[in-house]
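Letter by letter, the chains look like this.
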Amino acid sequence: MDFLNLSVSTSWWELSKPPLDISTNGHLIDSLFAYTTVLAVFYFILVCIGLFGFSFLYSYKRNKTPLYTYGNKKKHLLITAFIGAAVFLSVDLNITRLSNNDLLDVFWKWPNPKTEKVLRVEVMAQQWMWSFRYAGPDDQFGTADDIVTNNDLRVPTNTKILFHLTSKDVIHSFFVPNVRLKVDTIPGRVTRVWWDANIPGEYDIVCAEMCGTHHYMMKARLTVYSEEDFKGWMATSEKLAMNTNNPDDKNLAWGWKWEY
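Definitions and cut-offs
- Residues numbered from 1 in each chain as written.
- Predicted model: local features only at pLDDT ≥ 70, side-chain atom pairs only at ≥ 80, totals over all residues.
- Heavy atoms only, no water.
- Buried < 20%, exposed > 50% of the residue type's maximum accessible area, 1.4 Å probe, protein only.
- Helix = DSSP H or I, 4+ residues; strand = E, 2+ residues; numbered from the N terminus.
- Pairing = 2+ DSSP bridges.
- Axes fitted to C-alpha atoms, helices over the stretch in contact; angles between N-to-C directions.
- Core = buried A, V, L, I, M, F, W, Y, C linked by side-chain atoms within 4.5 Å.
- Contact = heavy atoms within 4.5 Å.
- Salt bridge = Lys/Arg side-chain N within 4 Å of Asp/Glu carboxyl O.

What follows is about the pairing of strand 10 (residues 219–225). Here strand 10 lies mainly inside the structure; five of its seven residues are buried. Sheet topology note: the strand 4 (residues 152–156)/strand 10 ladder contains five bridges and is parallel. Looking across to strand 10, one finds that V155 is bridged to V224. Across six bridges, the pairing between strand 9 (residues 201–207) and strand 10 is antiparallel. Its bridge partner being in strand 10, Y203 is matched across the sheet by L222.

Given below as structure tokens:
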């Protein structure tokens, strides 16, 4: 779904649905959100039952003489401790456990371009644009044959995409809703993220960090190709880069040496 071009006739149900998950691991993020939502609704219902239930049971019609309590009796303290422990264990602690397991077992299992099928991309964020750099035929970054695009990221299916990111000016946040992942881009520091995309099509890339007056315009396009179509695009882009890249153009000289 293109969030910046929604029709006024779009239903609330369509708006409430998350964007299509095109990645292998996006369901882990969705399940964490679903778990949190279910528990929040569950405890909200319990609170409502208690609030309206006790209001009904101890209304003036049923209890002419008011009963005052300060909640400091032993049984009150035990009930409070039990409810607090139940919420902490089922919500806070379990969410921490689930998210930590996902980080260690999946998202921090960095793909190795030397041993796996990986596409490497360098990302430069700036007010208010995303620039992407692919290594050219020499397989090295920061050289004259690099492919550089602005607000236009193209990747193949069935391939892990490993990003190294930084920022030219302020903190931005590289967010692709359709793969459920985001990472901050920080001036003077290279951050990392990886994901894959398995459904061809066009999708949004946005900035999820307030970065200035035109933050709302900081949008790029992700195009997911089949492997064959991506190879064709790369071949054409490599020829174009070698024929047109100007080594004196400082706007193209932002790449850095890739370090694993």
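The next thing to look at is the sheet that holds strand 3 (residues 147–150). Strands belonging to one sheet form pairs held by backbone hydrogen bonds; the direction of such a pair is parallel or antiparallel. Strand order in the open sheet made by the five strands is 3-2-1-5-8, with mixed pairing throughout. Each edge of the sheet is formed by a strand with only one pairing partner; in this case those strands are strand 3 and strand 8 (191–196). In this sheet, adjacent strand axes meet at a mean angle of 25° when their direction is disregarded. Strand direction decides the pairing type here: strand 5 (residues 160–167) and strand 8, joined by six bridges, are antiparallel. Paired with I161 across the strands is W195, a residue of strand 8.

All right, on to the nonpolar core then. With 39 residues, the main nonpolar core has W130, L153, F163, F174, W195 and L222 as its most contacted residues. When neighbours within four sequence positions are excluded, L222 is seen to be in contact with I22, L153, V155, V176, W195, G201, E202, Y203 and I205. Residues A135, F141, W194 and W258 belong to the second largest nonpolar core, which totals six residues.

Its place among the elements puts I79 in helix 3 (residues 74–107). When the C-alpha atoms of I79 and I29 are compared, they prove to be 33 Å apart, with 50 residues separating the residues in sequence.

Bringing the pattern of salt bridges into the picture now. Applying the stated criterion across every chain, the model contains nine salt bridges. Among the salt bridges present, the one from E227 reaches K117, with a minimum N-O distance of 2.1 Å. Here K117 lies in the loop between helix 3 and strand 1 (118–126) and E227 lies in helix 4 (residues 227–244), a separation of 110 residues in the sequence. For E227, a relative accessible area of 28% gives the class partly exposed. Sharing partners across several salt bridges, the network here consists of E202, D204, K219 and R221.

The five strands lie next to each other as 4-10-9-6-7, forming an open sheet whose pairing is mixed. Each edge of the open sheet carries a strand with a single partner, namely strand 4 and strand 7 (181–185). Across the sheet, the mean angle from the axis of one strand to that of its neighbour is 25°, orientation sign disregarded. As paired strands, strand 6 (residues 172–176) and strand 7 are joined by five bridges and run antiparallel to one another. Within strand 7, the residue paired with F175 across the bridge is K182. Across the sheet, helix 4 touches strand 4 and strand 10, and the angle it forms with strand 4 is around 130°.

With an omega of -5°, the peptide bond between Q127 and W128 qualifies as cis. On the secondary structure map, W128 appears in the loop between strand 1 and strand 2 (129–134). Residues other than glycine seldom take positive phi values, yet N158 does so here, at roughly 55°. Positioned with a positive phi, R180 is a non-glycine residue whose angle comes to about 70°. By the secondary structure assignment, R180 is in the loop between strand 6 and strand 7.

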